[in-house]
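Take a look at the letters that make up each chain.
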Amino acid sequence: AETVMLGRPTMMRLPEIIGVRLVGRRQPGITATDIVLALTEFLREARVVSAYLEFFGAGAASLSVGDRATISNMTPEFGASAGLFYIDEQTLAYLRLTGRDPAQVDLVETYAKASGLWADQLTEAEYERVLEFDLSNVVRNMAGPSNPHRRLPTSDLAARGIAVDLDKAE
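In this report, the structure presented in the accompanying data block is examined. Being a predicted model, the structure only gives us computed values, none of them experimental.

## Considering unusual backbone geometry
Glycine aside, residues mostly have negative phi, and peptide bonds are mostly found in the trans state.
Consideration 1: For Arg 47, which is not glycine, the phi torsion reads 55° and is therefore positive.
Consideration 2: Positionally, Arg 47 belongs in the loop between α2 (32–45) and β2 (52–56).
Consideration 3: Here Arg 47 falls in the exposed class, since its relative accessible area comes to 66%.
Consideration 4: For Ser 50, which is not glycine, the phi torsion reads 65° and is therefore positive.
Consideration 5: Mapped onto the elements, Ser 50 comes out in the loop between α2 and β2.

Below you can see the structure in the form of structure tokens.
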């Protein structure tokens, strides 16, 4: 900041911007936590360190703002610097639900559409890299608090001797 304030040139490294296309729909009973644990494993393997992630696609549109917040909140666990979702009708519904003034909601919509930040206008956005994640493949998961990238499907608990397989119990 000091260099810039003194009028001197400075350099800033721009982050890699990666598109994460979410496809499919979650299965019944799958929570945002299940999704984010599977995404954490997926994105760590994809090596998204220090990148900005933009989540988009039909799968993203099907997620509530709460689901999106859960995913974005785990960005440090992915290794990324930021996780963003496009502005869409879900965003406006959330603003209304949380008591925002109707004029403020209208302003958000108008601004997003006028500036090209509305989801429908970003369908042709180009990214340095695009990763695809299928929400319909997510199963119930669990993971330790310090290892969210090492998830364990709950269906594997009995095989590891952690729980009883109720289908095989006498």
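## Some details on the pattern of salt bridges
Consideration 1: For the coordinates displayed, the defined rule picks out 5 salt bridges.
Consideration 2: Residue Asp 88 is joined to Arg 68 by a salt bridge in which the shortest nitrogen-to-oxygen separation is 2.8 Å. Here the residue Asp 88 occupies a position in the loop between β3 (82–85) and α6 (89–97), and Arg 68 occupies one in helix α4 (residues 65–73), the gap between them amounting to 20 residues. The pair formed by Asp 88 and Arg 68 is uniform in burial state, with each residue classed as buried.

## Brief notes about the packing of aromatic side chains
Consideration 1: A full pass over the atoms with the stated rule returns 5 aromatic pairs.
Consideration 2: Plain terms: the ring middles of Phe 42 and Phe 133 are 5.3 Å apart, the flat faces sit at 55° to each other, and that makes the pair tilted. On the criterion of sequence distance, the pair formed by Phe 42 in helix α2 and Phe 133 in strand β4 (residues 129–134) is long-range, its members being 91 residues apart.
Consideration 3: Against the face of Trp 118 rests Lys 113, its NZ or CZ located 4.7 Å from the ring centre.

## Examining helix α7 (residues 102–114)
Consideration 1: Here α7 contains 13 residues, and its C-alpha end-to-end distance of 18 Å stays within 8% of the 18 Å for a straight helix at 1.5 Å per residue.
Consideration 2: Along α7, the residues classified as buried are Val 105, Glu 109 and Ala 112. Across the axial projection of α7, the buried residues extend over an arc of 70°, all falling on one side. Those residues of α7 that are exposed and aimed more than 90 degrees away from the buried face are Leu 107, Thr 110, Tyr 111 and Ala 114.
Consideration 3: In this structure, the buried residues of α7 make contact with α6.
Consideration 4: Measuring from the backbone nitrogen of Ala 103 back to the side-chain oxygen at the start of α7 gives 2.9 Å, which picks out Asp 101 as the cap.

## Things to note about α2
Consideration 1: Between its terminal C-alpha atoms α2 stretches 20 Å, which fits the 20 Å expected from 14 residues at 1.5 Å a residue.
Consideration 2: Along α2, the positions that sit buried rather than exposed are Ala 32, Asp 34, Ile 35, Val 36, Leu 37, Ala 38, Leu 39, Thr 40 and Leu 43.
Consideration 3: One or two steps after α2, the chain reaches Arg 47, where phi turns positive at roughly 55°.

## Brief notes about the nonpolar core
Consideration 1: Ranked by size, the top nonpolar core spans 25 residues in total, and within it Leu 22, Leu 43, Val 48, Leu 53, Phe 55, Ile 71 and Phe 78 carry the most contacts.
Consideration 2: Elements with a minimum of two residues in this core: β1 (17–23), α2, β2 and β4.
Consideration 3: Ranked by residue count, the leading element in this core is α2, at 5 residues.
Consideration 4: Sequence-distant contacts of Leu 22, that is, excluding residues within four places in its chain, are made with Leu 39, Phe 55, Phe 56, Gly 57, Ala 58, Gly 59, Ala 60, Leu 63, Phe 85, Phe 133 and Leu 135.
Consideration 5: By size, the runner-up hydrophobic cluster in this structure holds 5 residues, among which are Leu 92, Leu 95, Val 105 and Ala 112.

Calculation rules
Residues numbered from 1 in each chain as written. Predicted model: local features only at pLDDT ≥ 70, side-chain atom pairs only at ≥ 80, totals over all residues. Heavy atoms only, no water. Helix = DSSP H or I, 4+ residues; strand = E, 2+ residues; numbered from the N terminus. Buried < 20%, exposed > 50% of the residue type's maximum accessible area, 1.4 Å probe, protein only. Salt bridge = Lys/Arg side-chain N within 4 Å of Asp/Glu carboxyl O. Phe/Tyr/Trp six-rings, centres within 6.5 Å; stacked < 30°, edge-to-face > 60°. Lys NZ or Arg CZ within 6 Å of the ring centre and 35° of its normal. Expected span 1.5 Å × (residues − 1). Arc of directions from axis to C-beta. Contact = heavy atoms within 4.5 Å. Polar contact = N/O pair within 3.5 Å; in protein donor to acceptor, adjacent residues only side chain to side chain. Core = buried A, V, L, I, M, F, W, Y, C linked by side-chain atoms within 4.5 Å.

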